[in-house]
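Now for the letters of each chain:
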Amino acid sequence: ENEGGHYNQNNKYRQKNQIEYKKQFVDYSQPMRLNKFLANSGVCSRREADEYIAAGVVTVNGEVVTELGSKVIPDTDRVMFHDQPVKCEKKVYILLNKPKDVVTTVEDTHARKTVLDLVKNACSERVYPVGRLDRNTTGVLLITNDGDLTTKLTHPKFNKKKIYQVTLDKDLQDDDFAKILSGIVLEDGEIKADELSFVNEGDLRTIGLEIHSGKNRIVRRIFDALGYHVVKLDRVYFAGLTKKNLPRGKWRYLSEMEVTMLKMSASAFKG
């Protein structure tokens, strides 16, 4: 429990016993859309499932199904994808405090380390990151096999709060501070921060920025447009999840309460 007489707050994250989420949130005895079933099984996203169904590579009880709205009863129907049986996997939800120099692609052609390398001992299920963080951006990253939740959390219209700590190469000027709050025009439209503040008194280079946008590299692009270079970028909050007590490069399973919170916020969203 103690290291050199000191209590170590990270001990609780050493319990790497996979959490069995009591509510798997889905009743598999009830009819379910085939695309949702494939997404829930971790095979692919719901959108990709529609493409596979249309392409005729999915069979139900031995019959090819190409009708997009088709439903299945997961408990009793036999679903095959490319001639492989599809099983509803246990749901896994992992929170990673992403370090620098790690990419969020599932497979990297340049043989760089990926976020999945960091969580490979977490579960046997096939999981993937929700959204992306640049290679040099650190902080909160959700990794899961819940395709349905992923689709909702990464939808451009799903405005979930994100908070970043930004370190700039020079002091942020007052007029630029005001512009970021009132809105600046980038090549893909206007963007403005929801909140902006200096993290430490007297330090004009370290900024806390709250934003809803899911646009790619949005924080770096805001500061680039105003002539600043982002030296460090750390996501400290995403969709209600924080990296509190989670050291850089470490991961933990989400609690049942956190999963319920994510599910509730996602189900309130109509994509």
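Model, not experiment: these values are computed from the prediction.

The subject of this paragraph is the sheet that holds strand E7 (residues 79-81). The strand order across the open sheet formed by 4 strands is E5-E4-E7-E8, and the pairing between neighbours is antiparallel. Edge positions in the sheet fall to strand E5 (63-64) and strand E8 (84-85), since each of these pairs with one other strand and no more.

This next bit is on the confidence of the model for the protein. Mean pLDDT for the protein: 86, with 88% of residues reaching 70 or above. Long-range and interchain partners of residues 1-15, a stretch whose pLDDT sits below 50, account for 15 contacts in this model, where long-range means more than four residues apart.

Another aspect to go through is the nonpolar core. Ranked by size, the top nonpolar core spans 22 residues in total, and within it Val166, Ile180, Leu209 and Phe223 carry the most contacts. At 4 residues, helix H6 (residues 218-225) tops the list of elements feeding residues into this core. When near neighbours in sequence (up to four residues on either side) are disregarded, Phe223 contacts Val166, Leu168, Leu172, Ile180, Leu209, Tyr228 and Val230.

A few words on the environment of Leu118. As for its position among the elements, Leu118 is in helix H3 (residues 115-118). In the structure, Leu118 is positioned 20 residues away from Lys98 in sequence and 8.9 Å away in space, judged by C-alpha atoms. In this structure, Leu118 is in contact with Leu96, Pro99, Val102, Lys113 and Trp251, ignoring residues within four places of it in sequence.

What follows is about the side chain of Asp146. Checked against the element boundaries, Asp146 lands in the loop between strand E11 (137-144) and helix H4 (147-153). For Asp146, a relative accessible area of 0% gives the class buried. Among the polar contacts made by the side chain of Asp146, one reaches the side chain of Lys263 at a distance of 2.5 Å. If we ignore the near neighbours within four places in the chain, the residues touching Asp146 are Asn40, Lys91, Tyr93, Tyr128 and Lys263.

It is worth spelling out the pattern of salt bridges at this point. Under the defined criterion, the tally for this structure stands at 11 salt bridges. Here Asp101 ties to Arg135 by a salt bridge, and the two come within 2.7 Å at their closest N and O atoms. Residue Asp101 is found in the loop between strand E9 (93-98) and H3, and its partner Arg135 is found in the loop between strand E10 (128-129) and E11; the two are separated by 34 residues along the sequence. Owing to a relative accessible area of 35%, Arg135 belongs among the partly exposed residues under this scheme. Among the salt bridges present, the one from Asp134 reaches Arg217, with a minimum N-O distance of 3.4 Å. Residue Asp134 is located in the loop between E10 and E11, and its partner Arg217 is located in the loop between strand E16 (206-211) and H6; the two are separated by 83 residues in the primary sequence. Since its relative accessible area comes to 22%, Asp134 is described here as partly exposed. On the accessibility criterion, Arg217 (40% relative accessible area) is partly exposed. The network of salt bridges with shared partners includes Asp134, Arg217 and Arg220.

Parameters and conventions
Residues numbered from 1 in each chain as written. Predicted model: local features only at pLDDT ≥ 70, side-chain atom pairs only at ≥ 80, totals over all residues. Heavy atoms only, no water. Pairing = 2+ DSSP bridges. Helix = DSSP H or I, 4+ residues; strand = E, 2+ residues; numbered from the N terminus. pLDDT = per-residue confidence, 0-100. Contact = heavy atoms within 4.5 Å. Core = buried A, V, L, I, M, F, W, Y, C linked by side-chain atoms within 4.5 Å. Buried < 20%, exposed > 50% of the residue type's maximum accessible area, 1.4 Å probe, protein only. Polar contact = N/O pair within 3.5 Å; in protein donor to acceptor, adjacent residues only side chain to side chain. Salt bridge = Lys/Arg side-chain N within 4 Å of Asp/Glu carboxyl O.

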